[in-house]
Amino acid sequence: MSTGMLTLADVIEGLAGRRPGRLEQPISTTVIDSRQAKPGALFIALKGEHADGHDYVADAFSHGAVAAIVERGVVVSGLMWDLTDPARTLPSAWSLPLVLKTASSLQALQQMATFWRRQHELRVVGITGSVGKTTTKELTAAVLARRYVTLKSEASYNNEIGLPLALMHLTNGHERAVLEMGMYDVGEIAGLARIARPHVGVVTIIGPVHLERARTIERIVKAKMELVEALPPTPEGVAILNYDDERVRGMAQATQARVFYYGLSPDADLWADHIEGLGLDGIRFRLHHGGETLHVKIPLLGRHSVHTALRAAAVGLAEGLDWQEIIEGLRGPSAHLRLMSVPGPKGAIILDDTYNASPASTFAALNLLDELDGRKIAVLGDMLELGGYEREGHEKVGMRALEVADVLITLGPRGHIIGETALRWGMPAGHVHILEENAEVVTLLEQMVTGDDVILIKGSRAMRMEEIVNVLGRE
């Protein structure tokens, strides 16, 4: 059983299967970017598309890192121990900084995280789905933190690199961990589950995201279902499933865990009705569970956010929290979510939803825009990785934008489809602006914005539309 934070001795035991003596150097953080290294850090040298971490080992050491995991030789001052040598023995003496050479830096990271997870007797919540993973993770962690010391994956650390990095920050003080689990294809979530060993699995919505790689909705369902398949049997395991999504509801057949449904149907275990959007003041609704009814008002933006609240509340119930703790967590200031309202130029309001985009999440953002007073400006960029659903998805968003927006600004080649669809279905030509660059959007908005405007800005992460918010938000 672990007695504290990760140490270099733990790292070596996890990789080599033997624990060295006199090497209880604490690891302050585990990083893959040398710029994030600090005194006591462990640096993982990964080879990426645009940079090779092996070129930055010395930089990590200059920032205070005490060890690095590599898969090829590097020229740095420090002790190197080759774990790929079948004749290796533990060095008789250790010195820092230490370079550990492995066959694969990524596999070494995953092996260490698997080892470290198994040293901790805590319950893990895994969250997956096509839409809403990060917001659900944030709100769920905020709820659980009302009673438990809770670790959560940072940002959207949800893949074969990010999830192990999150687990490397476990300490013996943690009682719960909330981890986002993403995928591009079948097999990936099963691999993440082998590392994390979740007890609770939450599935949000299944939609046409990552079709470019997964190819079919059926493969996406199969991939997401790997989370509930990995859960332990009832009563230890709990699968929290969206009753309103037929594909998610059907996953109940694939798990031995206890199934807990949430949704807007009275047939769900936890359900909501009387949902009222209050614009920038949040949402109001009634919660129903086990004969109880609660009237709830929380500061989440958009009526669609009721599903996020239901997921977080369901996890709270599964983990033994009472309603006071759950509601406090839902209302708490620590529940930072993706879609934010920020001040814009001339007194306008910007709805910053720039982290990512899919048809479903864009519909939800447009629905929020529809609830608000003032002239509505929708700035919509490309939605990526939709595969064969690309044209249809962008066309549907264009038709919804036509119904909601007074002004539509599109960005990127796929954004063209949104704008052209709105024009084709009757939006006046002077109200649609089809652009290619973020700078063009900024210039146009600076020219047209008034104090009565509400501006939604949303697109896939690769479009870097946060640059638009950063410029306009400073004015």
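Preceding block: the structure.
Structure report, in brief. Note that this is a predicted model, so its numbers are computed, not measured.

Observations regarding the overall build of the protein chain
- Within the protein chain one finds 16 helices and 20 strands.
- Here the protein chain has a C-alpha radius of gyration of 24 Å; the compact-globule value for 475 residues is 23 Å, and the two agree.
- In terms of its C-alpha atoms, the protein chain occupies a principal-axis envelope of roughly 75 × 55 × 40 Å.
- Within the protein chain, buried positions represent 57% of all 475 residues.

Observations regarding the sheet that holds strand β11 (residues 258-263)
- Spatial strand order, β7-β8-β6-β9-β10-β11-β12-β13-β14: nine strands in an open sheet with mixed pairing. Of all strands in the sheet, those bounded by a partner on one side alone are β7 (150-152) and β14 (292-298). Along the sheet, successive strands turn relative to each other by an average axial angle of 20°, direction set aside.
- Where strand β13 (residues 283-289) meets β14, seven bridges bridge the pair, whose relative direction is antiparallel. Residue His-289 lies in a different strand from β14, and its bridge partner there is Glu-292.
- Here helix α8 (residues 217-229) sits on the sheet in contact with β6 (123-128), β9 (200-203) and β10 (238-242), set at roughly 165° to β6.

A word on the packing of aromatic side chains
- According to the stated counting rule, one finds two aromatic pairs in the structure shown.
- Ring centres of Trp-81 and Trp-94 lie 5.6 Å apart, and the angle between their planes is 90°; this geometry places the pair in the edge-to-face category. Taken together, the residues Trp-81 in strand β4 (residues 79-82) and Trp-94 in the loop between β4 and β5 (98-101) connect sequence positions 13 residues apart. Just as Trp-81 is buried, Trp-94 falls in that class too.
- Residue placement shows Arg-176 over the ring face of Tyr-148; its charged tip is 3.7 Å from the ring centre.

A closer look at helix α3 (residues 105-117)
- The end-to-end C-alpha distance of α3 is 18 Å, a good match for the 18 Å that 13 residues give at a rise of 1.5 Å each.
- Where α3 is concerned, the buried positions are Ser-105, Ala-108, Leu-109, Gln-110, Met-112, Ala-113, Phe-115, Trp-116 and Arg-117.
- Looking at the buried residues of α3, the elements they touch are α1 (8-16), β2 (42-44), β3 (67-70), β6, α5 (162-167) and α6 (188-196).

Focus on the nonpolar core
- Core analysis: the largest hydrophobic core is formed by 44 residues, its most contacted members being Val-11, Leu-42, Ile-69 and Leu-100.
- Here the element with the most residues in this core is α3; it accounts for six residues.
- Setting aside residues no more than four positions away along its own chain, Leu-42 makes contact with Val-11, Ile-27, Thr-29, Thr-30, Val-31, Ala-67, Ala-68, Ile-69, Met-112 and Met-168.
- Counting residues in hydrophobic clusters, the runner-up holds 38 residues, among them Tyr-148, Val-178, Leu-287 and Leu-330.

Scoring rules and cut-offs
- Residues numbered from 1 in each chain as written.
- Predicted model: local features only at pLDDT ≥ 70, side-chain atom pairs only at ≥ 80, totals over all residues.
- Heavy atoms only, no water.
- Helix = DSSP H or I, 4+ residues; strand = E, 2+ residues; numbered from the N terminus.
- Rg over C-alpha atoms; globule rule 2.2 N^0.38 Å.
- Buried < 20%, exposed > 50% of the residue type's maximum accessible area, 1.4 Å probe, protein only.
- Pairing = 2+ DSSP bridges.
- Axes fitted to C-alpha atoms, helices over the stretch in contact; angles between N-to-C directions.
- Contact = heavy atoms within 4.5 Å.
- Phe/Tyr/Trp six-rings, centres within 6.5 Å; stacked < 30°, edge-to-face > 60°.
- Lys NZ or Arg CZ within 6 Å of the ring centre and 35° of its normal.
- Expected span 1.5 Å × (residues − 1).
- Core = buried A, V, L, I, M, F, W, Y, C linked by side-chain atoms within 4.5 Å.

So yeah, pure geometry; function would need other evidence.
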